[in-house]
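Architecture at a glance
So the chains spell out like this:
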Amino acid sequence: MSPDQGIVKTRIERQLAEISRLGLWRDLSEIPEINLCSNDYLGLSRDAEVKSAVARAVVESKSIASTGSRLLSGHARVWEELEEEFAAFARTASALYFSSGYLANVGLITSLVTKEDMVFSDALNHASLIDGIRLSGAQKVIYPHCDMNRLEDLLRHHHSSGAARLIATESIFSMDGDRAPLRELADLAARYGAEIVVDEAHATGVEGGCGEGVTTAMGLEDRVLAIVHTCGKALASMGAFVCGGRSLKPYLLNRARTFIFSTAMPAYFAEQIRAALNRVQGMHTERTYLRQISNRLRDHLDNFGHSSSSSSQIVPLIMGRNKMASRLAWYLQEQGFGIRAIRPPTVPAGSARLRFSLTTRISVADVDRLADSINSYLSCKHEECVGAGN
């Protein structure tokens, strides 16, 4: 090590070199028009009604900044009104808004459990749930993905008098596009005295008759402790609501550090979420279309011998090796598709993939051309097909 180079700086350079060697290098770039990475599932990010609502709210707002946390100077009545509206949408007694889904999950988990408690976490849960468990200090018990038999064994085995037992899961999993068996989870929780937290990030707006998510669509909202509904995906906004019983909101308002110590979003932004929430409840045709093109892409991949457990608008194509996934992504980018390889640590080692995130702005013709391009690549053994991806 050079005498003028510190340990941390040396570590940075060494780890960057290792990231490159392993084919895990990430960088920033804009996505082209045929965007297969977007979470804008219903296309509301370009919706004229939502854009108009935002413009009006900015003009009519007294301030474009909140000036502080909601517990200090940043509160506005419109946020309480919106929380009441969202609770009605989710069919829960209360809802509290956080400025990101990550902060919602971390704030929720760290408020609910302590080092004396246990959290049973699905092996494929999102990083925000994982980090919340780590920061809480609770004992983390990971169960194999959606394996209810193993979860029951673990619940039976891990028992401590007076300790809380929390089950954390997504409803639709972000990298596989499959679903948690929520009814079975609720039955297990009741049988073994556990409580459930459900992250609906990729289901909000998309699942249910009015976009209320999987938990509520199944009539399970009263059998879970908390539901997290993200606004930054199908609602084309930002932040998340933690929904639950009447006491949950004041409890989190007083205990969730990620709420207490965060600057509030400006009041005008509540109108963007409100406009999106109102729009999404009537988007039945769009939800049907999204299911149709998702099924169409799955059928194509099945025909190529690449089936998956996906049952949502998230359709993965698992390639295995990092370089294989990167090279296919590079090839599809050359064909005009906006797609990136998903590699560890986002997904388990050996399961690098392309994750096709479908939206209503993707046409049937786009899906068919995408399938043709994938098939051409997978069928080609020549060097020119694999390109120069890392």
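Presented here is an overview of the structure given in this document. It should be emphasised that the depicted structure is a prediction, and the values quoted were computed from it without experimental measurement.

All right, on to helix H13 (residues 322-334) then. In an α-helix, one full turn covers 3.6 residues, which means residues spaced three or four apart are oriented alike. For H13, with 13 residues, the first-to-last C-alpha span of 19 Å sits near the 18 Å given by 1.5 Å per residue. Among all positions in H13, only Asn322, Ala325, Ser326, Leu328, Ala329, Tyr331 and Leu332 are buried. Remark: Gly336 follows H13 within two positions and exhibits a positive phi of approximately 95 degrees.

Under the defined criterion, the tally for this structure stands at 20 salt bridges. Linking Glu81 and Arg77 is a salt bridge whose minimum nitrogen-to-oxygen distance equals 3.7 Å. Linking Glu81 with Arg77, this pair stays in helix H3 (residues 77-90), spanning four residues, or about one helical turn. Look at Arg77 and you get partly exposed, because its relative accessible area is 45%. The network of salt bridges with shared partners includes Arg77, Glu80, Glu81, Glu84, Glu85, Glu271 and Arg274.

A separate point is the environment of Ile314. Tracing the chain through its elements places Ile314 in strand E9 (residues 314-320). With a relative accessible area of 0%, Ile314 lands in the buried category. For Ile314 and Leu166, which are 148 residues apart along the polypeptide, the C-alpha to C-alpha distance reads 27 Å. In contact with Ile314, other than residues within four places in its own chain, are Tyr41, Ile172, Phe173, Ser174, Asp176, Gly177, His202, Arg355 and Phe356.

Before going further, it helps to examine the sheet that holds strand E12 (residues 352-357). The three strands are arranged E9-E12-E11 in an open sheet whose pairing can be described as antiparallel. Only two strands of the sheet have a single partner each, and these edge strands are E9 and strand E11 (341-342). Summarising the sheet, E9 and E12 pair through six bridges and their orientation is antiparallel. Its bridge partner being in E12, Gly320 is matched across the sheet by Ala352. Strands in contact with helix H12 (residues 284-303) are E9 and E12; relative to E9, the strand with the most contacts, it is inclined by about 25 degrees. Packed onto the sheet, H13 meets E9, E11 and E12 and runs at close to 35 degrees relative to E12.

A word on the packing of aromatic side chains. Tallied over the full model, the rule gives six aromatic pairs. Considering the side-chain rings of Tyr331 and Tyr377, the 5.2 Å spacing of their centres and the 45 degrees angle between planes classify their relative orientation as tilted. Here Tyr331 is found in helix H13, whereas its partner Tyr377 is found in helix H14 (residues 364-379), with 46 residues between them in sequence. Like Tyr331, the residue Tyr377 is buried in the burial classification. Aromatic rings pair up to connect Trp79, Phe86, Phe89, Tyr97 and Phe241 into one cluster.

Structurally, the position occupied by Glu200 is in the loop between strand E6 (195-199) and helix H8 (214-217). No salt bridge is formed by the buried Glu200; the nearest opposite charge belongs to Arg179, separated by 8.0 Å.

Glancing now at unusual backbone geometry. Note on backbone geometry: most residues besides glycine have negative phi, and most peptide bonds are trans. The omega torsion across Pro344 and Pro345 is 10 degrees, close enough to zero to call that bond cis. With respect to the helices and strands, Pro345 occurs in the loop between E11 and E12. You will see that Thr67, though not glycine, has its phi angle at about 75 degrees, which is positive. Of note, Thr67 is situated in the loop between helix H2 (48-60) and H3. Here the phi dihedral of Ala236 falls at roughly 50 degrees; this positive angle occurs in a residue that is not glycine. Within the fold, Ala236 resides in the loop between strand E7 (226-230) and strand E8 (240-244).

About the thresholds
- Residues numbered from 1 in each chain as written.
- Predicted model: local features only at pLDDT ≥ 70, side-chain atom pairs only at ≥ 80, totals over all residues.
- Heavy atoms only, no water.
- Helix = DSSP H or I, 4+ residues; strand = E, 2+ residues; numbered from the N terminus.
- Expected span 1.5 Å × (residues − 1).
- Buried < 20%, exposed > 50% of the residue type's maximum accessible area, 1.4 Å probe, protein only.
- Salt bridge = Lys/Arg side-chain N within 4 Å of Asp/Glu carboxyl O.
- Contact = heavy atoms within 4.5 Å.
- Pairing = 2+ DSSP bridges.
- Axes fitted to C-alpha atoms, helices over the stretch in contact; angles between N-to-C directions.
- Phe/Tyr/Trp six-rings, centres within 6.5 Å; stacked < 30°, edge-to-face > 60°.
- Lys, Arg positive; Asp, Glu negative; His and termini not counted.

This is a description of form; function is not addressed.
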